[in-house]
There are 2 protein chains.
Amino acid sequence: MESRRGNQMTEEESAARRIQRLSSHISPALTAPSSSSQAPLVQREVCSSRTKKVNVNSQALSVYMRGKHMDVQEKVYEFYNSRPDLQTPIEISKDDHRELCMRQLLGLVREAGVRPFRYVADDPEKYFAIMEAVGSVDMSLGIKLGVQYSRCYNILLDWSNVQGLQTTATFDPITDEFVIDTPNDGAIKWWIGNAAVHGKFATVFARLILPTHDTKGVSDMGVHAFIVPIRDMKTHQTLPGVEIQDCGHKVGLNGVDNGALRFRAVRIPRDNLLNRFGDVSRDGKYTSSLPTINKRFGATLGELVGGRVGLAYASVGVLKISATIAIRYSLLRQQFGPPKQPEVSILDYQSQQHKLMPMLASTYAYHFATVYLVEKYSEMKRTHDEQLVADVHALSAGLKSYITSYTAKSLSVCREACGGHGYAAVNRFGSLRNDHDIFQTFEGDNTVLLQQVAADLLKRYKEKFQGGTLTATWSYLRESMNAYLSQPNPVTARWEGEDHLRDPKFQLDAFRYRTSRLLQSVAMRLTKHTKTLGSFGAWNRCLNHLLTLAESHIESVILAKFIEAVRKCPDPRAKAGLKLACDLYALDHIWKDIGTYRNVDYVAPNKAKAIHKLTEYLSFQVRNVAKELVDAFDLPDHVTRAPIAMQSDAYAQYTQVVGF
Amino acid sequence: MESRRGNQMTEEESAARRIQRLSSHISPALTAPSSSSQAPLVQREVCSSRTKKVNVNSQALSVYMRGKHMDVQEKVYEFYNSRPDLQTPIEISKDDHRELCMRQLLGLVREAGVRPFRYVADDPEKYFAIMEAVGSVDMSLGIKLGVQYSRCYNILLDWSNVQGLQTTATFDPITDEFVIDTPNDGAIKWWIGNAAVHGKFATVFARLILPTHDTKGVSDMGVHAFIVPIRDMKTHQTLPGVEIQDCGHKVGLNGVDNGALRFRAVRIPRDNLLNRFGDVSRDGKYTSSLPTINKRFGATLGELVGGRVGLAYASVGVLKISATIAIRYSLLRQQFGPPKQPEVSILDYQSQQHKLMPMLASTYAYHFATVYLVEKYSEMKRTHDEQLVADVHALSAGLKSYITSYTAKSLSVCREACGGHGYAAVNRFGSLRNDHDIFQTFEGDNTVLLQQVAADLLKRYKEKFQGGTLTATWSYLRESMNAYLSQPNPVTARWEGEDHLRDPKFQLDAFRYRTSRLLQSVAMRLTKHTKTLGSFGAWNRCLNHLLTLAESHIESVILAKFIEAVRKCPDPRAKAGLKLACDLYALDHIWKDIGTYRNVDYVAPNKAKAIHKLTEYLSFQVRNVAKELVDAFDLPDHVTRAPIAMQSDAYAQYTQVVGF
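Remember, predicted model here, so these are calculated numbers, not experimental data.

Trainee: Provide a residue-level description of the overall build of chain A, including the pertinent values.
Mentor: Assigned secondary structure in chain A consists of 24 helices and 10 strands. For chain A, with 660 residues in total, the buried portion stands at 64%. About 24700 Å² of surface is accessible on chain A, with carbon and sulfur atoms providing 53% of the total.

Shown next, in the form of structure tokens:
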């Protein structure tokens, strides 16, 4: 019989065949060291003798989670599902990928009639829902859309240096134009999305220079944003004075054409100044509602917050897909088992639960936290309330950095949890990881953003002692700081009953106690070190401490939102599943930093053990409803796409395909 | 002025230009919250007021580390450096990559005259040194070489099921042949390296079936290895009865052509049985020096240990490259600084030190541990000593899983530590991560291998109480188990002086105490749970505990080897650098599990704080010799290749190139 080496099957078909065999790919049990006992076991009892299973209604849960923008997401999914020509193949060159990504985007707008632009300002919740759906088709497309329609993304990666940038926009009163100049190579902006190939315009951040009549001759009004045409609308030729360089291959997101821009005396009409926070009149007079350069700079940067909100939100979308693939596979795949018993699902192994169940709980936690963030962001766009701007600024920095770091790690955990089949490109962990990776860096490096959160906390901390007000997200600090300043209660430190450990009050108190403790102690250390090292040196000496503080604060905020989401859930059988996940999220975190809690006797040794034990038990309980919890994400097979994660019906169909 | 959009520069040239600008890409300081103090600071003082810098001789250190196989590695490096046509481009299709990888391999053997095959059996140390060097050219090549020359790799990913495999080799006494048969699709082996395109032969594991004269008619002698031709030597056509399917795109290693094999009544000569542990005579009689199927299976699998040794060793090679790129970049790249002071290297930030310095220390630790493993492996191949076989088996399982998991995580940390430039494909983190990822899964899934280590520890633990002997690697358990069974010393639990904390005895005692404690406690839990759950259920109930035990043991072994390497180092200025790294490795690990030590009062609260403080200080100290420690890995620019990591001279050349 001849081989099928030269076979004509596509990789996807071949993957389908592979799945078919996967289901019968298991042989009799081998390991289970020193297995002598032959006690009969019910499969689900493998991990625990306690077997009460919580009953979860995944449909009700799904409705509660996905809310009002389900329809537009379905529309996006359906459109791409009906257009195989717009789906990204596994192997594609950079240049082809860029062109395909452009076609995907045009298809969405022109054929499916989904026009994200109109929602950017008026309905950000809907806009982010579209971005999430589009990102599940190809993350490059999600980012390209962000660049194209929201102008949220087209700033330099290393944005923290924006204030120090050297590109200038000098007003020429004779021609009524601005002259854009990049003074040297060091001032060139890299990694601008859409710049290398497709962009017609760029949003350029530059120092606004106005002629004056004093001896200096010019005045620097600080950083403003300008719209600069970079290519001819008809011929697509690069315009005079504009130099563009292609940033080349990236680790992922190769559908997005990043480039570097340099401007040499490029003239643009005065109208191209984005004049929301500051404007220049025909005669060269500057007007602004904001009094200082720093205030205007803050307001300009504030406009960029949308990018972080979008990344935090999209990162949860990636985490949902990845967790869904890994968990569905782990439920389907069986391996080994007790002697003379059927093999068990690999999700029945404690080690697999340990890898995936806290991750599933975290996915829920981040979902509710980012939904809250998007709500606050929308409110901010409507009201421009100053308190809210500050709150959204810090919250978006914190959630963006915390969640994207977690998702990046989880993608690797998921790949590894699926073994060799996780390494097949069709099963998506590779491309998801490569595409998502940079979420940790752009729109502000995560380590830098966490420092902003810490700096903000320290500011609030000082304000507290000066009797100032605290924004909504921060207000818990007032109460828990008082708790921290008193000694831990030696009685509650010994309570170890399940009811107590699953009480949201205990959990939230513990999270907030930790944050307050970190805040108080780092403030003292900073004061001490500033005397000898100066403020820069002191900040650096406490940097790890500050980053831990910022993470701890964000965890507290996430938990509070999760607890609230559980409380508000109207369906009891949806609520039951959420409560399990929320308790696992809380206790897993407390256990992870048990050293801190032990060191100050916030928990006694036996309570620490009880927390550990309950965490493992909750992982097991969540495993028992893992299918329902994953189903509630409501990701159909044509969205997850990984052959190893096809749902039971589809999986059964695969198994009917005859071998090659 | 016209743009250079259609420019002809290669991506590498373009990367060079990018580097040039990187050096001037920084503008005046912005952040440093609430910076008011203007105290002048020496750059290195930013992190600490203690400034004594250890003087490290990196040349002497390099000689001590790299040992006798430096020459052959240089030869490999030089060969590929002189042959740009054999270097893997950034963008390459799967099929082209497979062909290139084959040419790279042929070039090595035929042109460079490096013939790894001759060393596989006789000089494994040299063989692994070649593999490491070749892997730095392209990891696909390293793996393809392993498959081709050592037959270490060509077994299924999911090898833990080997004993349960269903493929049979039935002896036909009439024709003096074996008949190889794969009974069903579920028995098909996937992921066989070299099978999809290039392989002429496969090493097939199959159950040896002999005809008997009793009523059963046949006898199953267990799993043996056979050489089966799969393609015609001249025409390269697939042979009759052999079915081959291409496994398609993988996340990485696409230069290796993995395939699935199925055999239908394929006949091979009797000679093709690999008869080291069992043989069949012309008249169908079975002989073996090993009495039982299990013993023979163990011996057959023992031959596969080489694959794990190779992966552990190669993984350290990847870690060296990755750490070198990230650290060299962090030294070159400057960002921000105290007011009116020069900007500081980003490695001067405590957060960057936290990311990279324990990693650098770990790289050294793993280097010495794997060198030791290779030595033991070579000794085992020479002596076939039974104790040594058992020792190498468990040690290779433990080190392979521990190190590959660590390297996989570190690759992501390095990418993120280099920000946007880490995301440019030319800087290699993407391909290194994608290629290395599967190291965690093949030659035994890491989670499965750690369980083997735990099972082995439990076996030794039982033997200890029965007065049995312990193999070399395990012998520490006798002593530290006694220490564990007594109470922690309340006096030493309070010692917190630097001399004490940097005393190897304190460090090793702490590591071993932890291991002994985990071993003792899991043994008790297993005994308890086995009564109600059976041995399979009990094992699963304790699985996380068992995995922690295995990791703790491996960490103890690694630390012991590191301490020994410091002690034996002949050059004082090399030794000083090693001692710093070793202390950081030890204390960082103790701090990471401080909860355990605190919970049993092995360390008092103030000692815990002192350990934390010293860990941060050691990170800072290691940072001060980071250049020397990295230089001692002796990786020239044409091996690291990442433009962001070019050493100072080369970097200066880049900065002379004028912009685009």
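Past the structure itself, the notes keep going.
Trainee: Lay out the nonpolar core in plain terms, naming residues and giving numbers.
Mentor: With 159 residues, the main nonpolar core has L360(A), Y364(A), Y366(A) and F562(A) as its most contacted residues. Those residues within four positions of Y364(A) in sequence are excluded, and the remaining contacts are L61(A), M65(A), F562(A), L578(A), L629(A), A632(A) and F633(A). The next biggest cluster of nonpolar side chains, apart from the first, holds 158 residues, and it includes A538(A), V557(B), L578(B) and V630(B).

Trainee: So what's going on with the sheet that holds strand β1 (residues 168-172) of chain A? Residues and values would help.
Mentor: All names here are of chain A. In spatial order, the strands read β5-β4-β1-β2-β8; together these 5 strands make up an open sheet with mixed pairing. Each of the sheet's edge strands pairs with one partner strand only, and the pair in question is β5 (218-229) and β8 (266-269). This sheet shows a mean twist of 35° between the axes of neighbouring strands, independent of strand direction.

Trainee: I'd love a proper account of the sheet that holds strand β2 (residues 177-181) of chain B, names of residues and values included.
Mentor: Sheet strands associate in pairs through backbone hydrogen bonding, adopting either a parallel or an antiparallel arrangement. All names here are of chain B. Pairing in this open sheet of 5 strands is mixed, and the strands run β5-β4-β1-β2-β8 from one edge to the other. The outermost strands of the open sheet, each flanked by one partner alone, are β5 (218-229) and β8 (266-269). Ignoring which end each strand starts from, the neighbouring axes of this sheet average 35° apart. Note that β2 and β8 share 4 bridges and pair antiparallel. Looking at the pairing, F178 lines up with I268 of β8.

Trainee: Before we move on, could you go through the environment of Q104(A) and cite the residues and values that matter?
Mentor: Residues and elements named next belong to chain A. The residue Q104 is located in helix α4 (residues 94-111) in this model. By relative accessible area, Q104 is classed as buried at 0%. In this structure the C-alpha to C-alpha distance between Q104 and I209, which are 105 residues apart in sequence, comes to 40 Å. Among residues more than four places away in sequence, those in contact with Q104 are Y80, L86, Q87, T88, D138 and L141. Among the polar contacts listed, one links the side chain of Q104 to the backbone oxygen of L86, at a separation of 2.8 Å.

Trainee: Any chance you could break down the UniProt feature "domain: Acyl-CoA oxidase C-terminal" (unreviewed entry) in chain A for me, citing the residues and the numbers?
Mentor: Following the UniProt record, one finds the feature "domain: Acyl-CoA oxidase C-terminal" (unreviewed entry) at residues 503-647 of chain A. Taken end to end, residues 503-647 of chain A is 83% helix and 0% strand, and its first and last C-alpha atoms sit 35 Å apart.

Trainee: Let's hear about the side chain of D631(B): which residues, and what values?
Mentor: Residue and element names in this part refer to chain B. Residue placement: D631 occurs in helix α22 (residues 626-631). Accessibility expressed as a relative area gives 19% for D631, which makes it buried. Not counting residues within four places of it along the chain, the set of residues in contact with D631 comprises S58, R328 and Q647.

Trainee: For the packing of helix α2 (residues 58-66) of chain B against helix α10 (residues 350-383) of chain B, give the residues involved together with the corresponding values.
Mentor: Residue and element names in this part refer to chain B. Between α2 and α10, the least distance of the axes is 11 Å, while the angle of their chain directions is 40°. In this structure, α2 contributes L61, Y64 and M65 to the contact, and α10 contributes Y364, H367 and F368. Along the lines of polarity and charge, the residues of the contact of α2 with α10 split into 5 nonpolar, 1 polar and no charged.

Trainee: Break down unusual backbone geometry for me, citing the residues and quoting the values.
Mentor: All names here are of chain B. Positive phi values are uncommon outside glycine, yet L253 reaches one of about 55°. By secondary structure assignment, the location of L253 is in the loop between β6 (242-246) and β7 (259-263). Phi at K340 takes a positive value of approximately 55°, unusual for a residue other than glycine.

Trainee: Lay out a negative patch on the surface in plain terms, naming residues and giving numbers.
Mentor: A surface patch of like charges, here negative, comprises E91(A), D96(A), E99(A), E91(B), D96(B) and E99(B). Those elements that provide at least two residues to the negative patch are α4 of chain A together with α4 (94-111) of chain B. Position of D96(B) among the secondary structure elements: in helix α4.

Trainee: Talk me through the pattern of salt bridges; I want residue IDs and the actual numbers.
Mentor: Residues and elements named next belong to chain A. A complete count under the given rule lists 66 salt bridges over all chains for this structure. Across the salt bridge formed by D85 and R83, the nearest N and O atoms sit 2.9 Å from each other. A salt bridge links D588 to K592; its shortest N-O distance comes to 3.0 Å. Within this pair, D588 and its partner K592 are both found in helix α19 (residues 572-592), separated by 4 residues, close to a single helical turn. What makes K592 exposed here is its relative accessible area of 59%. Overlapping salt bridges bring together E498, R502, K579 and D583 as one network.

Trainee: Any details on helix α10 (residues 350-383) of chain A? Residues and values, ideally.
Mentor: All names here are of chain A. Across its 34 residues, α10 extends 49 Å between first and last C-alpha, which sits within 8% of the 50 Å expected from 1.5 Å per residue. Bending of α10 peaks at approximately 25° at the position of L356, with proline P358 no more than four residues after it. Along α10, 27 of the 34 residues are buried, which leaves the element largely enclosed by surrounding structure.

Trainee: Residue-level account of the packing of aromatic side chains, with values.
Mentor: Scanning the model with the defined rule gives 38 aromatic pairs over all chains in all. Taking 6.4 Å as the distance between ring centres and 35° as the angle between the ring planes, the aromatic pair formed by F511(A) and Y585(A) counts as tilted. Here F511(A) is found in helix α17 (residues 504-541), whereas its partner Y585(A) is found in helix α19, with 74 residues between them in sequence. Here F511(A) matches Y585(A) in class, with each residue buried. Centre to centre, the rings of Y366(B) and Y406(B) are 5.2 Å apart; their planes meet at 85°, and the pair counts as edge-to-face. You can see Y366(B) sitting in helix α10 and its partner Y406(B) sitting in helix α11 (residues 386-417), a full 40 residues away along the chain. A single burial state applies to Y366(B) and to Y406(B), both of which are buried. Site record: aromatic cluster; members linked through ring pairs are Y64(A), Y366(A), F368(A), Y402(A), Y406(A), F511(A), F562(A) and Y585(A). Directly above the ring of Y372(A) sits K561(A), whose terminal nitrogen or CZ lies 3.8 Å from the centroid.

Trainee: Any details on the state of the cysteines? Residues and values, ideally.
Mentor: Residue and element names in this part refer to chain A. Scanning the model with the defined rule gives 0 disulfides over all chains in all. Sulfur of C101: no disulfide; nearest cysteine sulfur belongs to C247 and is 16 Å away. For C101, a relative accessible area of 0% corresponds to the buried category.

Trainee: Which residues make up the confidence of the model for chain A, and what values go with them?
Mentor: Do not read the predicted coordinates in detail wherever pLDDT is low. Residue and element names in this part refer to chain A. Overall, the predicted model of chain A reaches an average pLDDT of 85, with 85% of residues at or above 70. This model gives residues 1-8 a pLDDT under 50, and the stretch forms 19 contacts once residues within four places in sequence are excluded. Low pLDDT, under 50, characterises residues 652-660; the predicted model gives this stretch 21 contacts beyond four residues in sequence or across chains. Across the interface, the model reports ipTM at 0.89; the global pTM reads 0.89.

Trainee: Just give me the short version of the pairing of strand β2 (residues 177-181) of chain A, but keep the residues and values in it.
Mentor: Residue and element names in this part refer to chain A. Relative to β2, β1 is paired through 5 bridges, and the arrangement is antiparallel. Across the sheet, the residue bridging to T168 is D181, located in β2. Where β1 folds back on β2, the antiparallel hairpin that results is connected by 4 residues, among which D176 adopts a positive phi of roughly 60°.

Trainee: I'd love a proper account of helix α9 (residues 305-332) of chain B, names of residues and values included.
Mentor: Compared with an ideal rise of 1.5 Å per residue, which puts 28 residues at 40 Å, α9(B) spans 41 Å between its outermost C-alpha atoms and is within 8% of the ideal. Most of α9(B) is tucked away: 26 of the 28 residues are buried.

Trainee: Help me get a handle on the side chain of T324(A), residues and values and all.
Mentor: Residues and elements named next belong to chain A. Tracing the sequence through the fold places T324 in helix α9 (residues 305-332). A relative accessible area of 1% means that T324 is categorised as buried. Beyond its immediate chain neighbours, meaning those up to four positions away, T324 contacts V630, F633, L635 and T640.

Trainee: Go over the packing of α9(A) against helix α13 (residues 429-436) of chain A, please, and point to the residues and values.
Mentor: Residues and elements named next belong to chain A. Running from amino to carboxyl end, α9 crosses α13 at an angle of 160°, the nearest separation of the two axes being 11 Å. On the basis of the axis angle, α9 is roughly antiparallel to α13. When the axes of α9 and α13 are compared, the crossing they make is left-handed. The segment α9 lies against α13, with S315, V318, I321, S322, I325 and A326 engaging F429, L432 and H436. Looking at side-chain class alone, the contact of α9 with α13 contains 6 nonpolar, 3 polar and no charged residues.

Trainee: Which residues make up the environment of Y602(A), and what are the values?
Mentor: Position of Y602(A) relative to the elements: it lies in the loop between α20 (594-599) and α21 (605-624). The buried category is assigned to Y602(A), whose relative accessible area is 16%.

Definitions and cut-offs
- The numbers attached to residues start from 1 for each chain and follow its sequence in the written order.
- By the order in which they are written, chains take letters starting at A while ligands take numbers starting at 1.
- Totals for whole chains, interfaces and linings use all residues, but because this is a predicted model, local features are given only for residues with pLDDT of at least 70 and pairs of side-chain atoms are given and counted only at 80 or more.
- Hydrogens are left out, water is left out, and the side-chain values use all remaining heavy atoms of the structure.
- Helical segments are the DSSP runs of H or I of at least four residues, strand segments are the runs of E of at least two, and each set is numbered from the N terminus.
- Only protein chains enter the area calculation, which uses a 1.4 Å probe; residues under 20% of their type maximum are buried, those over 50% are exposed, and those in between are partly exposed.
- For every accessible area listed, the method is Shrake-Rupley and the probe measures 1.4 Å; residues are considered covered only by the protein chains on display.
- Only buried residues count toward a nonpolar core, which is a set of Ala, Val, Leu, Ile, Met, Phe, Trp, Tyr and Cys residues joined through side-chain atoms within 4.5 Å.
- Any pair of residues with heavy atoms lying within 4.5 Å of one another is described as a contacting pair.
- Pairs of strands are assigned from DSSP output, requiring at least two bridges between the strands.
- A fitted line through C-alpha atoms serves as each axis, taken over the contacting stretch for helices, and the angle formed by two N-to-C directions is quoted from 0 to 180°.
- In protein, a polar contact requires one atom able to donate a hydrogen and another able to accept it; more generally it is a pair of N or O atoms within 3.5 Å, and residues adjacent in sequence count only if both atoms are side-chain atoms.
- UniProt positions are given in the numbering used here, feature names are shortened, and annotations may be inferred rather than shown by experiment.
- Each residue gets one label: Ala, Val, Leu, Ile, Met, Phe, Trp, Tyr, Cys and Pro are nonpolar, Asp, Glu, Lys and Arg are charged, and the others, such as Gly, are polar.
- Patch members must show over 30% relative accessible area and no salt bridge, and they are joined within 9 Å when carrying like charges or within 5 Å when they are nonpolar side chains of Val, Leu, Ile, Met, Phe, Trp or Tyr.
- Salt bridge criterion: a side-chain nitrogen from Lys or Arg within 4 Å of a carboxyl oxygen from Asp or Glu.
- Working convention for charge: Lys and Arg count positive, Asp and Glu count negative, and His plus the chain ends are omitted.
- Here the site of a charge means NZ on Lys, CZ on Arg, CG on Asp, or CD on Glu.
- To estimate the expected span of a helix, subtract one from its residue number and multiply by 1.5 Å.
- The angle between axes fitted to the seven residues ending at a residue and the seven residues starting there is what we call the bend at that residue.
- Two rings from Phe, Tyr or Trp (for Trp, the six-membered ring) form a pair when their centres sit within 6.5 Å of each other. Planes less than 30 degrees apart are called stacked, planes more than 60 degrees apart edge-to-face, and all others tilted.
- Placement of a positive charge over a ring is assigned whenever Lys NZ or Arg CZ falls within 6 Å of the ring centre and within 35 degrees of the normal to the ring plane.
- By convention in this document, the label disulfide applies to cysteine sulfur atom pairs within 2.5 Å.
- You can read pLDDT as the predictor saying how much it trusts each residue, on a scale of 0 to 100.
- Here is the rule for angles: anything less than 35 degrees is roughly parallel, anything more than 145 is roughly antiparallel, 65 through 115 is roughly perpendicular, and the remaining ranges are oblique.
- Left-handed describes a crossing whose near helix is turned anticlockwise from the far helix by less than a right angle; the clockwise case is right-handed.

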